[in-house]
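Each chain is listed here by its residues.
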Amino acid sequence: MAKVTRDDVARLAGTSTAVVSYVINDGPRPVAPATKEKVLAAIEQLGYRPNSVAQAMASRRTNLIGMIVPDARQPFFAEMAHAVERAASDRGKLVLIGNSDYVDDREMHYIQAFLGMRVSGLILVSQGAPQRAAKEFATMEGAKVVLLSRRPDTIDDVSVVTDDVGGAELAVRHLLEVHGYPYVACFGGPVAFPAPGDPVIDHVEGWQRAMDAHGLDSAPHLVDAPFHRYGAYEVAVELLRSPDRPPAIFCSTDDQAIGVLRAAREVGLRVPQDLAVAGFDDIPEAALADPPLTTIASEREAMARAAVDLVLDDSLMVPGSDTERVRKFPSRLVVRRSCGCGDEQAAQ
């Protein structure tokens, strides 16, 4: 079967190929409603599909949004990517996703590749210290960048973040003030990982603030642990078997907390009777953990929609002060049984 062309559509509709182009591209010139209906009917009858690559070359932009995450296997990033995809679909856009694997060179590879594809915009969940990325953004034309979840000091683009410090402090205060634990240990990130502006660093800061407010020394109780459940499980097994195991643990991610819950069961500790656990992110598994996990929730859907809107709408990209360029969404405490609250308290 011969390929259907724009000329075929024009002949069937009784108009010019230029008018067909105006209908397909929604401009740059207006088309009379009756003529537009004829063109759309011809497109439907012939089964014509516009060449999206050619359209991109003509407009210098595609209907694609690039999104780079550290690791889409981790539940938080998977949930965020899915939320961005839904928001982009509502705007008629497709999302390309790349995994940086916490490696700066790989992050740069995807940044350059996506910009080379003439994406409409780029949503970056960066976990490194991307000075090179900042230089790349400074030279690009047209496409906009929105930083999601984290704002590195080296990049000055608009950011969409949650209140990581306040949320972590809220969880730790709950453990100290409501349940009266003498202190709370913290599972931070790996030793080599810390970078300014990272959510995990902010979670640690929130934990430290809560400890400081109660006159507690936080330094001896900060535990270096991988972000994923498997590495956190191994660290937790060793810690919980030691004679100075903590009475409560706040984890920077729910994935870590799930690893801690598994480790506690393995070493014979009951949660929350022998060990209280709280996390951050409120991934779907948190409610199904045994026991259900007390955690901090962020407004992922609203954040994803804000990031997509910002990357597509010039009017929303407000230049100005640092405060104006950061869209911060609130965090909230989700109380479940792992902290020591009973079913009645957890339901409130």
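Residues numbered from 1 in each chain as written. Predicted model: local features only at pLDDT ≥ 70, side-chain atom pairs only at ≥ 80, totals over all residues. Heavy atoms only, no water.

**Q** For the overall build of the protein chain, give the residues involved together with the corresponding values.
**A** The helix and strand tally for the protein chain stands at 14 helices and 12 strands. The burial tally for the protein chain puts 49% of its 348 residues in the buried class. Sequence-distant contacts in the protein chain: of pairs separated by 6 or more residues, those separated by 24 or more amount to 71%. Carbon and sulfur atoms provide 51% of the accessible area of the protein chain, an area that totals close to 16700 Å². (Helix = DSSP H or I, 4+ residues; strand = E, 2+ residues; numbered from the N terminus. Buried < 20%, exposed > 50% of the residue type's maximum accessible area, 1.4 Å probe, protein only. Contact = heavy atoms within 4.5 Å. Areas by Shrake-Rupley, 256 points an atom, 1.4 Å probe, with all protein chains shown as cover.)

**Q** Which residues make up the packing of helix 1 (residues 6–13) against helix 2 (residues 17–25), and what values go with them?
**A** At their nearest, the axes of helix 1 and helix 2 sit 8 Å apart, and the two run at 105° to each other. Taken together, the axes of helix 1 and helix 2 are roughly perpendicular relative to one another. Along its contact with helix 1, which presents Arg 6, Asp 7, Val 9 and Ala 10, the element helix 2 presents Thr 17, Val 20, Ser 21, Ile 24 and Asn 25. In the contact of helix 1 with helix 2, the residues fall into 4 nonpolar, 3 polar and 2 charged. (Axes fitted to C-alpha atoms, helices over the stretch in contact; angles between N-to-C directions. Parallel < 35°, antiparallel > 145°, perpendicular 65-115°, else oblique. Nonpolar A, V, L, I, M, F, W, Y, C, P; charged D, E, K, R; others polar.)

**Q** Quick rundown of helix 6 (residues 104–116)? Include the residues and the values.
**A** Along an α-helix, residues three or four apart share an orientation, since each turn contains 3.6 residues. The end-to-end C-alpha separation of helix 6 is 18 Å, in line with the 18 Å expected for 13 residues at 1.5 Å each. For helix 6, the set of buried residues is Glu 107, Met 108, Ile 111, Phe 114 and Leu 115. With its buried residues spanning 135° around the axis, helix 6 presents them on a single face. Opposite the packed face of helix 6, turned more than 90 degrees from it, sit the exposed residues Asp 105 and Gly 116. Count one or two residues on from helix 6 and you reach Arg 118, which has phi positive near 60°. (Expected span 1.5 Å × (residues − 1). Arc of directions from axis to C-beta.)

**Q** Please give an account of the nonpolar core that cites residues and values.
**A** In terms of nonpolar packing, the biggest core is built from 29 residues, with Met 67, Val 84, Ile 123, Leu 148, Val 160 and Val 308 touching the most fellow members. Where this core is concerned, the elements lending two or more residues are strand 1 (64–69), helix 5 (75–90), strand 4 (144–148), strand 5 (158–162) and helix 13 (300–312). Beyond its immediate chain neighbours, meaning those up to four positions away, Val 308 contacts Ile 65, Val 84, Ala 87, Ala 88, Arg 91 and Ile 123. In this structure, Ala 185, Val 237, Leu 240 and Ala 257 belong to the second largest nonpolar core, which totals 23 residues. (Core = buried A, V, L, I, M, F, W, Y, C linked by side-chain atoms within 4.5 Å.)

**Q** A description of the packing of helix 1 against helix 3 (residues 33–46) should follow, citing residues and the corresponding values.
**A** Two numbers describe how helix 1 lies on helix 3: the axes approach to 9 Å, and their chain directions differ by 125°. The angle between helix 1 and helix 3 falls in the class oblique. Two packed elements cross with a definite hand, and for helix 1 against helix 3 that hand is right-handed. Here Asp 8, Val 9, Leu 12 and Ala 13 of helix 1 come into contact with helix 3, specifically with Lys 38, Val 39, Ala 42, Ile 43, Gln 45 and Leu 46. Here the contact of helix 1 with helix 3 is composed, by residue class, of 7 nonpolar, 1 polar and 2 charged. (Left-handed = near helix turned anticlockwise from the far one by under 90°.)

**Q** Help me get a handle on the sheet that holds strand 11 (residues 326–329), residues and values and all.
**A** Strand order across the open sheet formed by 6 strands is 2-1-3-4-5-11, with parallel pairing between neighbours. In this open sheet, the two edge strands, each paired with only one partner strand, are strand 2 (94–99) and strand 11. Within this sheet the neighbouring strands show an average axis-to-axis angle of 20°, counted without direction. Against the sheet, helix 5 contacts strand 1, strand 2, strand 3 (121–124) and strand 4, and its axis sits at roughly 170° relative to strand 1. (Pairing = 2+ DSSP bridges.)

**Q** So what's going on with the pattern of salt bridges? Residues and values would help.
**A** Taken as a whole and judged by the stated rule, the model has 19 salt bridges. Two residues, Glu 79 and Arg 300, come together in a salt bridge whose shortest N-O distance is 3.9 Å. With a gap of 221 residues between them, Glu 79 in helix 5 and Arg 300 in helix 13 connect regions that are remote in the sequence. The class of Glu 79 is partly exposed, set by a relative accessible area of 29%. Given a relative accessible area of 12%, Arg 300 falls into the buried group. (Salt bridge = Lys/Arg side-chain N within 4 Å of Asp/Glu carboxyl O.)

**Q** Lay out the sheet that holds strand 9 (residues 276–278) with the relevant residues and their values.
**A** The strand order across the open sheet formed by 4 strands is 7-6-8-9, and the pairing between neighbours is parallel. Every other strand in the sheet has two partners, leaving strand 7 (222–223) and strand 9 as the edge strands with one partner each. Judged from the 2 bridges that link them, strand 6 (residues 185–187) and strand 7 form a sheet pairing that is parallel. Bridge pairing in strand 7 links Cys 186 to Leu 222. Across the sheet, helix 9 (residues 199–213) is in contact with strand 6, strand 7 and strand 8 (248–251); its angle to strand 6 comes to roughly 175°.

**Q** Tell me about unusual backbone geometry, and please be specific about residues and values.
**A** With omega at 10°, the peptide bond leading from Val 271 into Pro 272 counts as cis. Structurally, the position occupied by Pro 272 is in the loop between helix 11 (254–267) and strand 9. Note the cis peptide between Asp 290 and Pro 291, where omega equals -5°. By the element assignment, Pro 291 lies in the loop between helix 12 (284–288) and strand 10 (295–298). In this structure, Asp 281 takes a positive phi of about 130° despite not being glycine. Look at Asp 281 and you get buried, because its relative accessible area is 8%. The phi dihedral of Asp 282 falls on the positive side, at around 55°, and the residue is not glycine. Residue placement: Asp 282 occurs in the loop between strand 9 and helix 12.

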